[in-house]
Amino acid sequence: MNDLGRLEDLPADYVQDLRNLNLVPLWPSLRAVLPPGKPRPNTQPTFWSYQALRPLLMRAGELTPIEKAERRVLVLANPGHGLDNMKASAAMYLGMQLLMPGEWAPSHRHTPNAVRMVVEGEGAYTTVDGEKCPMSRGDLILTPTGLWHEHGHDGSEPVVWLDVLDLPMVYYMEASYHINGQRQTVKPGQGDRAYARGGIVPTPVFTRSAQAYPMLRYPWAETRRALESLAADQPALEAVQVTYVNPETGADAQNILGFYALMLKPGQTLRLPARSPASVFHLIEGGVDVTIDASAFTLAEADTCCAPGYTPVTLRNRLTDKPSFVFIADETPLHKKLGVFEMRE
Ligand SMILES: [Fe+2]
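Residues numbered from 1 in each chain as written. Predicted model: local features only at pLDDT ≥ 70, side-chain atom pairs only at ≥ 80, totals over all residues. Heavy atoms only, no water.

Time to look at the coordination of the iron ion. Looking at the iron ion, the protein donor atoms are His 108 (NE2), His 110 (NE2) and His 149 (NE2), and they sit 2.1 to 2.2 Å from it. All donors to the iron ion come from one chain, and their sequence spacing reads H-x1-H-x38-H. Highlighted residues: His 110 in strand S4 (residues 104–110) and His 149 in strand S9 (residues 149–153), separated in sequence by 39 residues. Each member of the pair, His 110 together with His 149, is buried. (Donors = N, O, S within 2.8 Å, 3.2 Å for Na, K, Ca; no water. Helix = DSSP H or I, 4+ residues; strand = E, 2+ residues; numbered from the N terminus. Buried < 20%, exposed > 50% of the residue type's maximum accessible area, 1.4 Å probe, protein only.)

As structure tokens, this is what we get:
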């Protein structure tokens, strides 16, 4: 491939004349914006230890009252994007949020979509669109774009959850904003019961729901059971994986990011092919070695790591007597909608 002309090769007065007219020559930057063969991601393989961050999150609980934080969060930032830009990848934001007993994170809604993956503690709830969703370890709760949500805590121990948002994408589009609201009126639903059985959906007088987000809570107990049933039903299946979907349409649960749960059988090594979207891995149960290019991380329970796109990932269950369970978030729905999704062998 031939080298292209550099900016320094051009007369300084010519470059200045261009700039005065808000013009820029393309050829000095062409290879950077269209690199050969594959992108050059800013997203770096990055690991966040829960054991290491937990004391700092608890200290935030002492240092900053909820009224001064609104959402008490430590952001899991990828150094490749610059820590202050608060991105795990180009489209994903990750945060560990702490709610102390008796605290309340007031009602608001915003354009970015969020999900909560509960990490520890009992007794907290997220009220989404009036449905008071209980929060237990491993539960996935959606707070999709535009829906009112607030968090409360009736238990006696701190509650922590992992927030996954498409904030970097929505912010990049200059479409990110929030609106504060009144405390919501609570309806009977708790986010999951209407869709609690696979293969069956509510149809009052033969009518399907047209709600964009009919199911708001995906209890871990059900997801875990689904994975175990899948493994028992199809013993030859290598990747025992499920996707969190909209039960009315079968499409991904949210528009921009995808969410999945994976069961690694005792001692299993699973090689995931290189795919265009970046991925996040969070360990719900067990112990897993993750290899991303030249980086290797060992995930203990509640640890999280991030892999750039176009990169193969290998997961190995360190336990030889029990399965391990991994929650995965990625940018697949976005890549597919934009027509840039790729899988490479
Ligand atoms: Fe929010």
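Further remarks concern helix H3 (residues 50–63). Along its 14 residues, H3 runs 19 Å from first to last C-alpha, staying within 8% of the 20 Å computed at 1.5 Å per residue. Every buried residue of H3 is accounted for by Tyr 50, Leu 53, Leu 57, Met 58, Ala 60 and Gly 61. Buried residues of H3, seen end-on, are gathered within an arc of 145° and therefore sit on one face of the element. Along H3, the residues that are exposed and aim more than 90 degrees away from the buried face are Gln 51, Pro 55, Leu 56, Glu 62 and Leu 63. Here the buried face of H3 lies against strand S1 (46–48), strand S2 (73–75), strand S3 (93–99), strand S5 (114–120) and strand S10 (159–165). In this structure Ser 49 caps H3, since a side-chain oxygen of it lies 3.4 Å from the backbone nitrogen of Gln 51. (Expected span 1.5 Å × (residues − 1). Arc of directions from axis to C-beta. Contact = heavy atoms within 4.5 Å. Polar contact = N/O pair within 3.5 Å; in protein donor to acceptor, adjacent residues only side chain to side chain.)

What follows deals with the sheet that holds strand S21 (residues 313–317). Read across the sheet, 4 strands follow the order S15-S21-S18-S19 without closing on themselves; strand pairing throughout is antiparallel. Both outer strands of the open sheet, strand S15 (269–272) and strand S19 (295–299), are each paired with one neighbouring strand and no more. Taken over all neighbouring pairs, the strand axes of this sheet differ in orientation by 15° on average, direction set aside. Both strand S18 (residues 288–292) and S19 contribute to a ladder of 5 bridges, which runs antiparallel. The residue of S19 that forms the bridge with Val 288 is Leu 299. (Pairing = 2+ DSSP bridges. Axes fitted to C-alpha atoms, helices over the stretch in contact; angles between N-to-C directions.)

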